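Structure at a glance
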Amino acid sequence: MILTELHLRHFRNYEDETVHFAPGVNVLIGRNAQGKTNMLEAIYALSLTRSHRTNNDRELINWQAQAATISGVVQKATGKVPLELQFTKEGKRAKVNHLEQARLSQYIGNLNAILFAPEDLSLVKGAPSLRRRFMDMEFSQMSSKYLYDASQFRTLLRQRNKYLKQLKYGQQHDQVLLDVLSDQLAAYGAEVIVARHHFLQQLEKWAADLHHQISLHKEELRLVYATQLKIGDETTVDQAYQQLLTIYKENKAKEIDQGSTMYGPQRDDIRFMVNGKNVHSFGSQGQQRTTALSVKLAEIDLMKAQTGEYPLLLLDDVLSELDTVRQTHLLKAIQNKVQTFLTTTSLSDVARQLINEPTIFKIKDGTLVKEEA
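Residues numbered from 1 in each chain as written. Predicted model: local features only at pLDDT ≥ 70, side-chain atom pairs only at ≥ 80, totals over all residues. Heavy atoms only, no water.

Looking at the pairing of strand S3 (residues 25–29)
Across the five residues that make up S3, a large majority, five, are buried. Burial along S3 is two-sided: Val25, Val27 and Ile29 facing one way and Asn26 and Leu28 facing the other are all buried. Two elements, S3 and strand S13 (residues 340–344), share five bridges in a ladder whose sense is parallel. Residue pairing for S13: Val27 is matched across the bridge by Leu342. (Buried < 20%, exposed > 50% of the residue type's maximum accessible area, 1.4 Å probe, protein only. Helix = DSSP H or I, 4+ residues; strand = E, 2+ residues; numbered from the N terminus. Pairing = 2+ DSSP bridges.)

Here you go:
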(Lines give C-alpha, C1' and ligand atoms only; values in the text may rest on other atoms or scores of the structure.)
Protein backbone atom coordinates (compact mmCIF):
# COMPACT_ATOMS: atom_id res chain seq x y z
CA MET A 1 0.00 0.00 0.00
CA ILE A 2 1.07 3.56 -0.74
CA LEU A 3 0.06 6.80 0.98
CA THR A 4 -0.19 9.10 -2.03
CA GLU A 5 -1.61 12.19 -0.34
CA LEU A 6 -1.82 13.59 3.17
CA HIS A 7 -3.69 16.64 4.42
CA LEU A 8 -3.25 18.06 7.92
CA ARG A 9 -5.46 20.74 9.42
CA HIS A 10 -4.76 22.21 12.87
CA PHE A 11 -2.60 19.19 13.73
CA ARG A 12 0.28 20.11 16.07
CA ASN A 13 2.22 22.90 14.30
CA TYR A 14 0.57 22.27 10.90
CA GLU A 15 -2.18 24.77 10.15
CA ASP A 16 -3.29 23.61 6.72
CA GLU A 17 -0.80 21.45 4.82
CA THR A 18 -1.24 19.11 1.87
CA VAL A 19 1.60 16.94 0.61
CA HIS A 20 1.90 14.34 -2.14
CA PHE A 21 4.34 11.52 -1.42
CA ALA A 22 6.40 9.29 -3.70
CA PRO A 23 6.03 5.49 -3.58
CA GLY A 24 9.70 4.98 -2.65
CA VAL A 25 11.75 6.69 0.06
CA ASN A 26 10.48 10.07 1.26
CA VAL A 27 13.09 11.96 3.27
CA LEU A 28 11.94 14.75 5.61
CA ILE A 29 14.86 17.04 6.45
CA GLY A 30 14.81 19.87 8.95
CA ARG A 31 16.17 21.18 12.21
CA ASN A 32 14.66 20.04 15.48
CA ALA A 33 11.19 21.34 16.46
CA GLN A 34 10.21 22.17 12.87
CA GLY A 35 7.61 19.39 12.47
CA LYS A 36 9.43 16.30 11.15
CA THR A 37 8.27 13.98 13.91
CA ASN A 38 4.82 15.61 13.89
CA MET A 39 4.45 14.54 10.25
CA LEU A 40 5.34 10.93 11.07
CA GLU A 41 3.04 11.08 14.10
CA ALA A 42 0.19 12.15 11.80
CA ILE A 43 0.79 9.21 9.44
CA TYR A 44 0.97 6.81 12.39
CA ALA A 45 -2.24 8.23 13.84
CA LEU A 46 -4.00 7.92 10.47
CA SER A 47 -3.05 4.24 10.61
CA LEU A 48 -3.79 3.37 14.24
CA THR A 49 -6.12 6.22 15.38
CA ARG A 50 -3.69 7.19 18.13
CA SER A 51 -0.39 8.91 18.64
CA HIS A 52 2.80 7.02 19.49
CA ARG A 53 3.98 9.96 21.62
CA THR A 54 1.05 10.79 23.88
CA ASN A 55 -2.13 9.25 25.27
CA ASN A 56 -3.77 12.67 25.45
CA ASP A 57 -5.40 13.37 22.08
CA ARG A 58 -5.92 17.03 23.00
CA GLU A 59 -2.17 17.56 22.64
CA LEU A 60 -2.56 16.84 18.91
CA ILE A 61 -4.90 19.79 18.38
CA ASN A 62 -3.34 23.17 17.64
CA TRP A 63 -3.93 25.31 20.71
CA GLN A 64 -5.84 27.89 18.66
CA ALA A 65 -8.29 25.32 17.20
CA GLN A 66 -11.17 23.16 18.45
CA ALA A 67 -10.33 20.10 16.34
CA ALA A 68 -7.51 18.55 14.30
CA THR A 69 -8.04 16.60 11.09
CA ILE A 70 -5.76 14.13 9.31
CA SER A 71 -6.93 12.88 5.94
CA GLY A 72 -5.18 10.90 3.25
CA VAL A 73 -5.52 8.74 0.18
CA VAL A 74 -4.16 5.20 0.29
CA GLN A 75 -3.45 3.34 -2.93
CA LYS A 76 -4.03 -0.37 -2.41
CA ALA A 77 -4.11 -3.35 -4.78
CA THR A 78 -7.90 -3.06 -4.81
CA GLY A 79 -7.95 0.69 -5.54
CA LYS A 80 -7.82 4.05 -3.80
CA VAL A 81 -9.16 4.39 -0.25
CA PRO A 82 -9.76 7.88 1.23
CA LEU A 83 -9.26 7.97 5.02
CA GLU A 84 -10.05 10.67 7.54
CA LEU A 85 -9.43 10.96 11.27
CA GLN A 86 -10.68 13.87 13.33
CA PHE A 87 -9.63 14.67 16.89
CA THR A 88 -11.92 16.87 18.94
CA LYS A 89 -11.98 17.71 22.63
CA GLU A 90 -14.95 15.33 22.96
CA GLY A 91 -13.35 12.37 21.18
CA LYS A 92 -12.35 11.17 17.72
CA ARG A 93 -14.17 10.23 14.53
CA ALA A 94 -12.90 8.06 11.70
CA LYS A 95 -14.08 7.77 8.10
CA VAL A 96 -13.31 5.25 5.36
CA ASN A 97 -14.41 6.15 1.83
CA HIS A 98 -16.12 9.20 3.39
CA LEU A 99 -18.32 6.95 5.56
CA GLU A 100 -18.06 7.39 9.31
CA GLN A 101 -17.16 4.19 11.17
CA ALA A 102 -19.27 3.20 14.17
CA ARG A 103 -16.20 1.84 15.97
CA LEU A 104 -12.52 2.65 15.64
CA SER A 105 -11.81 -1.09 15.45
CA GLN A 106 -13.63 -1.10 12.09
CA TYR A 107 -11.23 1.57 10.83
CA ILE A 108 -7.89 0.06 11.90
CA GLY A 109 -6.28 -2.06 9.19
CA ASN A 110 -7.08 0.21 6.26
CA LEU A 111 -3.59 1.72 6.48
CA ASN A 112 -0.80 -0.32 8.05
CA ALA A 113 2.35 1.36 9.32
CA ILE A 114 5.45 0.28 11.20
CA LEU A 115 7.24 2.94 13.23
CA PHE A 116 10.92 2.70 14.11
CA ALA A 117 12.13 5.48 16.41
CA PRO A 118 15.20 5.75 18.67
CA GLU A 119 13.12 4.63 21.65
CA ASP A 120 12.36 1.38 19.82
CA LEU A 121 15.99 0.41 20.32
CA SER A 122 14.93 -0.11 23.94
CA LEU A 123 12.43 -2.78 22.84
CA VAL A 124 14.95 -5.43 23.89
CA LYS A 125 16.41 -3.89 27.04
CA GLY A 126 13.29 -2.05 28.23
CA ALA A 127 10.44 -3.15 30.49
CA PRO A 128 8.13 -6.09 29.59
CA SER A 129 5.26 -3.62 29.13
CA LEU A 130 7.06 -2.23 26.07
CA ARG A 131 7.17 -5.66 24.46
CA ARG A 132 3.51 -6.38 25.27
CA ARG A 133 2.56 -3.04 23.72
CA PHE A 134 4.68 -3.92 20.69
CA MET A 135 2.77 -7.18 20.22
CA ASP A 136 -0.64 -5.59 20.66
CA MET A 137 0.01 -2.62 18.36
CA GLU A 138 1.57 -4.62 15.55
CA PHE A 139 -0.56 -7.78 15.64
CA SER A 140 -3.77 -5.72 15.83
CA GLN A 141 -2.96 -4.24 12.41
CA MET A 142 -2.54 -7.72 10.94
CA SER A 143 -5.63 -9.35 12.41
CA SER A 144 -9.03 -7.80 13.15
CA LYS A 145 -9.73 -10.83 15.36
CA TYR A 146 -6.64 -10.17 17.47
CA LEU A 147 -7.64 -6.50 17.74
CA TYR A 148 -11.11 -7.50 18.97
CA ASP A 149 -9.89 -10.20 21.39
CA ALA A 150 -7.20 -7.96 22.89
CA SER A 151 -9.68 -5.11 23.31
CA GLN A 152 -12.24 -7.36 25.00
CA PHE A 153 -9.56 -8.79 27.26
CA ARG A 154 -8.45 -5.32 28.40
CA THR A 155 -12.05 -4.29 29.15
CA LEU A 156 -12.71 -7.44 31.18
CA LEU A 157 -9.36 -7.12 32.96
CA ARG A 158 -10.30 -3.66 34.21
CA GLN A 159 -13.69 -4.97 35.40
CA ARG A 160 -12.15 -7.97 37.15
CA ASN A 161 -9.43 -5.90 38.83
CA LYS A 162 -12.04 -3.44 40.09
CA TYR A 163 -14.14 -6.29 41.50
CA LEU A 164 -11.10 -7.96 43.10
CA LYS A 165 -10.34 -4.69 44.91
CA GLN A 166 -13.96 -4.47 46.08
CA LEU A 167 -13.76 -8.03 47.43
CA LYS A 168 -10.44 -7.27 49.11
CA TYR A 169 -11.82 -4.25 50.98
CA GLY A 170 -15.18 -5.85 51.80
CA GLN A 171 -17.20 -3.66 49.46
CA GLN A 172 -18.46 -6.80 47.69
CA HIS A 173 -18.91 -10.36 48.95
CA ASP A 174 -20.46 -12.33 46.08
CA GLN A 175 -17.75 -14.46 44.44
CA VAL A 176 -20.13 -15.82 41.78
CA LEU A 177 -19.62 -12.65 39.72
CA LEU A 178 -15.86 -13.10 40.10
CA ASP A 179 -16.19 -16.61 38.68
CA VAL A 180 -18.16 -15.26 35.71
CA LEU A 181 -15.54 -12.58 35.06
CA SER A 182 -12.76 -15.17 35.40
CA ASP A 183 -14.41 -17.41 32.81
CA GLN A 184 -14.83 -14.56 30.32
CA LEU A 185 -11.29 -13.28 30.93
CA ALA A 186 -9.84 -16.76 30.45
CA ALA A 187 -11.71 -17.12 27.14
CA TYR A 188 -10.32 -13.93 25.62
CA GLY A 189 -6.95 -14.34 27.32
CA ALA A 190 -6.53 -17.74 25.68
CA GLU A 191 -7.25 -16.25 22.24
CA VAL A 192 -4.63 -13.54 22.80
CA ILE A 193 -1.97 -15.93 24.11
CA VAL A 194 -2.31 -18.48 21.30
CA ALA A 195 -2.34 -15.74 18.64
CA ARG A 196 0.77 -14.10 20.09
CA HIS A 197 2.58 -17.45 20.12
CA HIS A 198 1.85 -18.08 16.46
CA PHE A 199 2.62 -14.51 15.33
CA LEU A 200 5.97 -14.56 17.14
CA GLN A 201 6.86 -17.89 15.56
CA GLN A 202 6.30 -16.39 12.13
CA LEU A 203 8.11 -13.16 13.01
CA GLU A 204 11.12 -15.19 14.12
CA LYS A 205 11.60 -16.65 10.64
CA TRP A 206 12.35 -13.28 9.06
CA ALA A 207 14.01 -11.72 12.12
CA ALA A 208 16.44 -14.62 12.50
CA ASP A 209 17.55 -14.36 8.87
CA LEU A 210 18.05 -10.59 9.10
CA HIS A 211 19.95 -10.86 12.38
CA HIS A 212 22.18 -13.55 10.88
CA GLN A 213 23.05 -11.22 8.00
CA ILE A 214 23.63 -8.09 10.10
CA SER A 215 25.87 -10.00 12.55
CA LEU A 216 27.92 -11.26 9.57
CA HIS A 217 26.65 -14.82 10.15
CA LYS A 218 27.99 -14.96 13.71
CA GLU A 219 24.74 -14.89 15.66
CA GLU A 220 21.49 -16.87 15.75
CA LEU A 221 18.34 -15.11 16.99
CA ARG A 222 15.31 -16.79 18.54
CA LEU A 223 12.08 -15.23 19.83
CA VAL A 224 10.53 -16.99 22.82
CA TYR A 225 7.05 -16.12 24.04
CA ALA A 226 7.28 -16.10 27.83
CA THR A 227 3.84 -16.93 29.20
CA GLN A 228 2.56 -18.50 32.42
CA LEU A 229 0.79 -21.21 30.40
CA LYS A 230 2.27 -24.28 28.78
CA ILE A 231 1.99 -23.33 25.12
CA GLY A 232 3.28 -25.31 22.16
CA ASP A 233 2.73 -25.35 18.43
CA GLU A 234 -0.21 -27.73 18.77
CA THR A 235 -1.90 -26.01 21.72
CA THR A 236 -5.51 -25.11 20.91
CA VAL A 237 -7.38 -22.07 22.18
CA ASP A 238 -9.64 -24.34 24.24
CA GLN A 239 -6.64 -26.00 25.90
CA ALA A 240 -5.19 -22.58 26.74
CA TYR A 241 -8.59 -21.49 28.08
CA GLN A 242 -8.78 -24.53 30.37
CA GLN A 243 -5.26 -23.86 31.66
CA LEU A 244 -5.96 -20.20 32.40
CA LEU A 245 -9.34 -20.90 34.01
CA THR A 246 -7.74 -23.51 36.28
CA ILE A 247 -5.08 -20.98 37.32
CA TYR A 248 -7.77 -18.44 38.21
CA LYS A 249 -9.68 -21.03 40.26
CA GLU A 250 -6.60 -22.22 42.13
CA ASN A 251 -5.41 -18.69 42.90
CA LYS A 252 -8.73 -17.03 43.68
CA ALA A 253 -7.91 -16.30 47.33
CA LYS A 254 -4.45 -15.05 46.43
CA GLU A 255 -5.77 -12.62 43.80
CA ILE A 256 -8.48 -11.34 46.15
CA ASP A 257 -5.79 -10.72 48.75
CA GLN A 258 -3.73 -8.82 46.17
CA GLY A 259 -6.76 -7.04 44.72
CA SER A 260 -5.41 -7.61 41.24
CA THR A 261 -5.32 -10.18 38.40
CA MET A 262 -1.92 -11.84 38.64
CA TYR A 263 -2.13 -14.24 35.71
CA GLY A 264 -2.80 -13.87 32.01
CA PRO A 265 -1.37 -12.20 28.88
CA GLN A 266 -1.03 -8.85 30.69
CA ARG A 267 1.93 -10.44 32.52
CA ASP A 268 3.61 -12.06 29.50
CA ASP A 269 6.85 -11.10 27.78
CA ILE A 270 9.16 -11.85 24.83
CA ARG A 271 12.63 -13.27 25.36
CA PHE A 272 15.12 -12.39 22.63
CA MET A 273 17.75 -15.13 22.61
CA VAL A 274 21.05 -14.70 20.73
CA ASN A 275 23.25 -17.78 20.58
CA GLY A 276 21.22 -19.20 23.46
CA LYS A 277 21.59 -16.18 25.78
CA ASN A 278 18.92 -13.66 26.76
CA VAL A 279 19.96 -10.39 25.07
CA HIS A 280 17.99 -8.38 27.64
CA SER A 281 20.28 -9.56 30.45
CA PHE A 282 23.50 -10.63 28.77
CA GLY A 283 23.65 -8.92 25.36
CA SER A 284 25.92 -6.05 24.44
CA GLN A 285 24.41 -2.75 23.31
CA GLY A 286 25.34 -3.70 19.73
CA GLN A 287 23.51 -7.04 20.02
CA GLN A 288 20.47 -5.32 21.52
CA ARG A 289 20.35 -2.81 18.67
CA THR A 290 20.84 -5.49 16.02
CA THR A 291 18.02 -7.51 17.56
CA ALA A 292 15.64 -4.53 17.68
CA LEU A 293 16.48 -3.62 14.08
CA SER A 294 16.02 -7.21 12.89
CA VAL A 295 12.64 -7.53 14.59
CA LYS A 296 11.37 -4.20 13.24
CA LEU A 297 12.44 -5.02 9.68
CA ALA A 298 10.97 -8.52 9.97
CA GLU A 299 7.58 -6.94 10.69
CA ILE A 300 7.49 -5.68 7.11
CA ASP A 301 7.50 -9.21 5.69
CA LEU A 302 5.20 -10.60 8.36
CA MET A 303 2.63 -7.89 7.68
CA LYS A 304 2.88 -8.55 3.95
CA ALA A 305 2.30 -12.27 4.58
CA GLN A 306 -0.70 -11.59 6.83
CA THR A 307 -2.44 -8.82 4.88
CA GLY A 308 -1.23 -9.28 1.31
CA GLU A 309 0.28 -5.78 1.15
CA TYR A 310 3.43 -4.13 2.45
CA PRO A 311 2.93 -1.57 5.23
CA LEU A 312 4.37 1.92 5.36
CA LEU A 313 7.68 2.22 7.21
CA LEU A 314 8.22 5.29 9.40
CA LEU A 315 11.83 5.92 10.42
CA ASP A 316 12.04 8.75 12.94
CA ASP A 317 15.65 9.92 13.16
CA VAL A 318 17.03 6.39 13.56
CA LEU A 319 19.95 6.75 11.14
CA SER A 320 21.78 8.90 13.69
CA GLU A 321 21.43 6.07 16.21
CA LEU A 322 22.85 3.34 13.95
CA ASP A 323 26.42 2.73 12.82
CA THR A 324 27.31 2.43 9.14
CA VAL A 325 26.87 -1.36 9.04
CA ARG A 326 23.36 -1.23 10.50
CA GLN A 327 22.43 1.79 8.39
CA THR A 328 23.46 -0.13 5.29
CA HIS A 329 21.37 -3.20 6.18
CA LEU A 330 18.38 -1.05 7.07
CA LEU A 331 18.41 0.93 3.83
CA LYS A 332 19.10 -2.11 1.65
CA ALA A 333 16.24 -3.99 3.29
CA ILE A 334 13.68 -1.32 2.38
CA GLN A 335 14.99 -0.45 -1.10
CA ASN A 336 12.34 -0.81 -3.82
CA LYS A 337 10.17 -2.75 -1.39
CA VAL A 338 8.16 -0.55 0.93
CA GLN A 339 7.11 3.11 0.97
CA THR A 340 9.31 4.75 3.57
CA PHE A 341 9.20 8.06 5.46
CA LEU A 342 12.53 8.98 6.99
CA THR A 343 13.17 12.02 9.18
CA THR A 344 16.65 13.43 9.71
CA THR A 345 18.44 16.69 10.39
CA SER A 346 20.79 15.92 7.49
CA LEU A 347 21.20 13.06 5.03
CA SER A 348 24.67 11.61 5.29
CA ASP A 349 26.77 10.71 2.25
CA VAL A 350 26.40 7.02 3.18
CA ALA A 351 22.61 7.24 3.20
CA ARG A 352 22.47 9.22 -0.05
CA GLN A 353 24.54 6.56 -1.79
CA LEU A 354 22.32 3.76 -0.51
CA ILE A 355 18.91 5.28 -1.19
CA ASN A 356 17.82 4.97 -4.80
CA GLU A 357 16.34 8.28 -5.98
CA PRO A 358 14.92 9.58 -2.69
CA THR A 359 12.19 12.22 -2.72
CA ILE A 360 13.38 14.95 -0.36
CA PHE A 361 11.21 17.43 1.52
CA LYS A 362 12.58 20.35 3.53
CA ILE A 363 10.53 21.14 6.64
CA LYS A 364 10.52 24.51 8.36
CA ASP A 365 7.91 25.87 10.79
CA GLY A 366 5.29 23.30 9.82
CA THR A 367 5.67 23.77 6.07
CA LEU A 368 6.97 21.19 3.58
CA VAL A 369 8.82 22.12 0.42
CA LYS A 370 9.75 19.42 -2.05
CA GLU A 371 13.37 19.56 -3.19
CA GLU A 372 13.67 19.53 -6.94
CA ALA A 373 15.91 16.85 -8.46
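Describing a nonpolar patch on the surface
A cluster of nonpolar side chains, contributed by Val176, Leu177 and Val180, occupies part of the molecular surface with about 240 Å² of accessible area. Note on placement: Val180 falls in helix H5 (residues 175–214). (Patch = residues over 30% accessible without salt bridge, like charges linked within 9 Å, V, L, I, M, F, W, Y side chains within 5 Å. Areas by Shrake-Rupley, 256 points an atom, 1.4 Å probe, with all protein chains shown as cover. Salt bridge = Lys/Arg side-chain N within 4 Å of Asp/Glu carboxyl O.)

Description of the environment of Ala240
Among the structural elements, Ala240 can be located in helix H6 (residues 237–250). The buried category is assigned to Ala240, whose relative accessible area is 0%.

A word on the pairing of strand S5 (residues 79–88)
With 10 bridges connecting them, strand S4 (residues 67–76) and S5 associate as antiparallel partners. Note on S5: the bridge partner recorded for Ser71 is Glu84. Counted along the chain from S4 to the antiparallel partner S5, the turn is two residues long. Pairing of S5 with strand S6 (residues 91–96) involves six bridges; the strand directions are antiparallel. The partner of Leu85 across the bridge, within S6, is Ala94. Connecting S5 to the antiparallel partner S6 that follows it, the hairpin turn spans two residues.

Observations concerning helix H4 (residues 144–168)
With 25 residues, H4 should cover 36 Å at 1.5 Å per step; its first-to-last C-alpha distance of 36 Å lies within 8% of that length. Looking one or two residues beyond H4, the residue adopting positive phi is Gly170, at roughly 75 degrees. (Expected span 1.5 Å × (residues − 1).)

Section: the packing of aromatic side chains
Evaluated as defined, the whole model comprises six aromatic pairs. A centroid spacing of 5.7 Å and a plane angle of 75 degrees characterise the contact between Phe21 and Phe361, whose relative ring orientation is edge-to-face. On the criterion of sequence distance, the pair formed by Phe21 in the loop between strand S2 (14–20) and S3 and Phe361 in strand S14 (residues 359–364) is long-range, its members being 340 residues apart. Accessibility assignment for this pair places Phe21 and Phe361 in one class, buried. For the pair Tyr146 and Phe199, a centre-to-centre distance of 6.3 Å together with 80 degrees between the ring planes defines the contact as edge-to-face. With Tyr146 in helix H4 and Phe199 in helix H5, the pair connects residues that are 53 residues apart, well separated along the chain. As far as the burial class goes, Tyr146 and Phe199 line up, both buried. Ring pairing ties together the aromatic residues Phe21, Phe341 and Phe361, which thus form one cluster. Above the ring of Tyr310, the side-chain terminus of Lys304 is found at 5.4 Å from the ring centroid. (Phe/Tyr/Trp six-rings, centres within 6.5 Å; stacked < 30°, edge-to-face > 60°. Lys NZ or Arg CZ within 6 Å of the ring centre and 35° of its normal.)

Quick notes on unusual backbone geometry
A positive phi angle is found at Asn275, which is not glycine, with a value near 50 degrees. Inspection of the secondary structure assignment puts Asn275 in the loop between strand S10 (269–274) and strand S11 (277–278). Classification of Asn275 by relative accessible area gives partly exposed; the value is 46%. Positive phi, normally seen in glycine, also occurs at Asp317, with a value near 55 degrees. Of note, Asp317 is situated in the loop between strand S12 (312–316) and helix H10 (324–334).

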